[in-house]
Amino acid sequence: MDSQTVSRHATEPDAPTAGTLKPNALGVLGILFFVLSAQAPLTGIAGAAPIAVALGNGPGVPAAYLVAGLVILLFSVGFVAMGRHVVDAGAFYTYIGKGLGRTTGTGSAGLALFAYCTIQAAMYGLYGAIVSGLVATHTGLDLPWWVWTLATMAVVQALGAAGVEMGAKVLAVFVLAEFSILSVFALVTLFKGGGPEGLGLADSFSPSAALDGAPGVAVMFAVASMFGFEATAIYGEEAREPRRTVPRATYLAVVVVTGFFALVSWMLISSYGASKATAAAGKALEGGDGAGFVFAPIAADFGGWVGDVLPVLLATSLFAGILTFHNSANRYLFSLGRDRLLPLRLCRLNRRHAPWTAGCVQTVLAVLLVVPFALAGKDPVLTLFSWFSGVAVLAMMLLYLLTSVSVVVFFRRARLDTRPWNTLIAPALGALGIAGAIWLILANFTTLIGGERTTALWLTLSVPVVMALGLVAARVRGRAAGG
């Protein structure tokens, strides 16, 4: 059996060929921009870092990013090994199905869609609130957050239909803007020797610093910031030489994101001083402006104009993430339709070879998730953003765990790749690390969503319920096909 036998089209003799995404459309950098956009670097730093510093291990937060990056890197080894033999826009569910069976794979497809759609809806909530505030401040036009959210859904739908190359170009502009300002701040602070207490290398990276306070909370938020790197495999069908491009993009994304978050968080803490950073983060959160913990030292270095620019970049960061998750979710819907797990019409492509029908369905799903919060008059940040981002992270970590286990099972059975490190040791270590991260998320889920225990319980239960419904649907479909 060779690698061709395990490709999606070769292993499924009855697989439909209703549509093919545009081949050779993306290189390593194009895929990388989609991944970095999904992780919304400025959103991750401005949203997660203040909470991790205040409630986690204080100045030891940079070490938590390194730990999270190591776990994701271990996971990536098996993920990439599987990707060399299975190229499909369905990524997770296809990978899981190869090792753990078609029913489990199909069941996980529902969980993947749930994760991508809820994280996108969460971003819409925060995005609407930020844009509403910016427009009101600069123009005096005071409209509800949901007006801007619904208008942006139309823009995202149009960009998604314009083709993957157009999306990559738009994302490149936004990602470079937010990466540049944070990276320049971090490098300037680094080369001038840090803040009032120096660089504080030991204060942030020593074992005692990493384990101080509540390291589990810090690692939890660090892992959440890595959400989205797996999109490299989703674009495999549209990549140039996917068996080379996707592995390179995956490893590059993990290394870049880990280094970026570790460096920027370290320099933020250094700019305050390790002994004062925790109190400063706590004060910013108490004042209802956690992002101020990040924006203040940058403005102090570069001038007051940064205070006007950073909120705009935060909005574009969220927009980039929203567009990326739209593209990820509609490719899942496209792949499920092509495999006849959902209606075949989801495979319909437009003239740019973009999944048109799947994109429309994804946009409708976004509307259905967001509108109830608007009708109920809920705060889009405290409810929509907080609740759905927590649920999405939990669902995605479960998918990571299932994928790691599937990689081990698949290569023990198929023997297409006999390298122990790539197909057994690294995936097994990654699975252990991910299982630990899931435990941390469950133990601190109330903190992650910023809600009450009852709300946390219901949101937590939604993940296994979605997975169970997917498994039931897969079994029913299997019996119907067999009958």
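No experiment lies behind these values; they were computed from the predicted model shown.

A.B. asks: Honestly, the overall build of the chain in this entry has me stumped. Any pointers?
C.D. replies: In terms of helices and strands, the chain carries 21 helices and zero strands. Here the chain holds 483 residues, and 58% of them are scored as buried. By sequence separation, contacts in the chain at least 24 residues apart represent 83% of the contacts at least 6 residues apart. Accessible surface for the chain amounts to roughly 18500 Å². Of this, 67% is attributable to carbon and sulfur atoms.

A.B. asks: Just to check I follow, could you spell out the packing of helix α3 (residues 41-55) against helix α14 (residues 274-286) for this structure?
C.D. replies: When two helices pack together, their arrangement is given by the angle between the helix axes and by the axis-to-axis distance. Put simply, α3 and α14 touch, their axes get as near as 8 Å, and they point 120° apart. Comparing their axes, α14 and α3 come out oblique. Both α3 and α14 take part in a crossing whose hand is left-handed. Across the interface between the two elements, Pro50, Ile51, Val53 and Ala54 from α3 touch Ala277, Thr278, Ala281, Gly282 and Leu285 from α14. Here the residues of the contact of α3 with α14 sort into seven nonpolar, two polar and no charged.

A.B. asks: Sorry if this is basic, but what is going on with the packing of aromatic side chains here?
C.D. replies: Centre distance and the angle of the planes are the two values used to describe a pair of aromatic rings. Applying the stated criterion to the full structure yields 14 aromatic pairs. Judged by centre distance (6.0 Å) and plane angle (65°), the rings of Phe373 and Trp387 are edge-to-face. Taken as a pair, Phe373 in helix α17 (residues 356-375) and Trp387 in helix α18 (residues 380-414) lie far apart in primary sequence, 14 residues in all. You can call Phe373 buried: its relative accessible area is 10%. Members of the aromatic cluster, each reached through a chain of ring pairs, are Tyr65, Phe179, Phe260 and Phe261.

A.B. asks: Quick question: what am I supposed to make of the environment of Gly58 here?
C.D. replies: Tracing the backbone through its elements, the reader meets Gly58 in the loop between α3 and α4 (61-83). Placed 224 residues apart in sequence, Gly58 and Gly282 show a C-alpha to C-alpha distance of 10.0 Å.

A.B. asks: Is there a simple way to explain the pattern of salt bridges in this structure?
C.D. replies: Any two side chains of opposite charge can pair, given that their charged atoms come close. Counted under the stated rule, the structure contains two salt bridges. As a salt-bridge pair, Asp301 and Lys192 come within 3.2 Å of each other at their nearest N and O atoms. Within this pair, whereas Asp301 is found in helix α15 (residues 292-302), its partner Lys192 is found in the loop between α8 (164-191) and α9 (201-205), the two being separated by 109 residues in sequence. Under the relative-accessibility criterion, Asp301 is labelled partly exposed at 30%. With its nearest N and O atoms 2.6 Å apart, the salt bridge here joins Arg419 to Asp417.

A.B. asks: Where do I start with the nonpolar core in this structure?
C.D. replies: Side chains of nonpolar character tend, in soluble globular proteins, to be buried together. In terms of nonpolar packing, the biggest core is built from 137 residues, with Phe92, Phe227, Met397, Tyr400 and Phe445 touching the most fellow members. Met397 has contacts with Val223, Ile434, Ala437, Ile438 and Ile441, leaving out every residue within four places of it along the chain.

A.B. asks: What am I meant to see in helix α16 (residues 305-338) here?
C.D. replies: In an α-helix, one turn spans 3.6 residues, which is why side chains three or four residues apart end up on the same side. With 34 residues, α16 ought to run about 50 Å at 1.5 Å a step, and its terminal C-alpha atoms sit 50 Å apart, in line with that. With respect to burial, α16 is a largely interior element, 29 of its 34 residues being buried.

A.B. asks: I keep staring at the side chain of Asn422 and nothing clicks. Help me out?
C.D. replies: Within the secondary structure layout, Asn422 lies in helix α19 (residues 420-443). Given a relative accessible area of 15%, Asn422 falls into the buried group. Every residue in contact with Asn422, bar those within four places of it in the chain, is listed here: Val77, Gly78, Ala81 and Pro427.

A.B. asks: How do you make sense of the packing of helix α6 (residues 102-139) against helix α7 (residues 145-161) when you look at a structure like this?
C.D. replies: Taken N-terminus to C-terminus, the directions of α6 and α7 make an angle of 115°; their axes are 8 Å apart at the nearest point. As far as their axial angle goes, α7 and α6 are roughly perpendicular. The way α6 lies across α7 gives a crossing that is right-handed. Residue-level inspection shows Tyr124, Gly125, Tyr127, Gly128, Ala129, Val131, Ser132 and Val135 of α6 in contact with α7, the latter providing Trp145, Trp148, Thr149, Thr152, Met153 and Val156. Considered class by class, the residues forming the contact of α6 with α7 number nine nonpolar, five polar and no charged.

About the criteria used
Residues numbered from 1 in each chain as written. Predicted model: local features only at pLDDT ≥ 70, side-chain atom pairs only at ≥ 80, totals over all residues. Heavy atoms only, no water. Helix = DSSP H or I, 4+ residues; strand = E, 2+ residues; numbered from the N terminus. Buried < 20%, exposed > 50% of the residue type's maximum accessible area, 1.4 Å probe, protein only. Contact = heavy atoms within 4.5 Å. Areas by Shrake-Rupley, 256 points an atom, 1.4 Å probe, with all protein chains shown as cover. Axes fitted to C-alpha atoms, helices over the stretch in contact; angles between N-to-C directions. Parallel < 35°, antiparallel > 145°, perpendicular 65-115°, else oblique. Left-handed = near helix turned anticlockwise from the far one by under 90°. Nonpolar A, V, L, I, M, F, W, Y, C, P; charged D, E, K, R; others polar. Phe/Tyr/Trp six-rings, centres within 6.5 Å; stacked < 30°, edge-to-face > 60°. Salt bridge = Lys/Arg side-chain N within 4 Å of Asp/Glu carboxyl O. Core = buried A, V, L, I, M, F, W, Y, C linked by side-chain atoms within 4.5 Å. Expected span 1.5 Å × (residues − 1).

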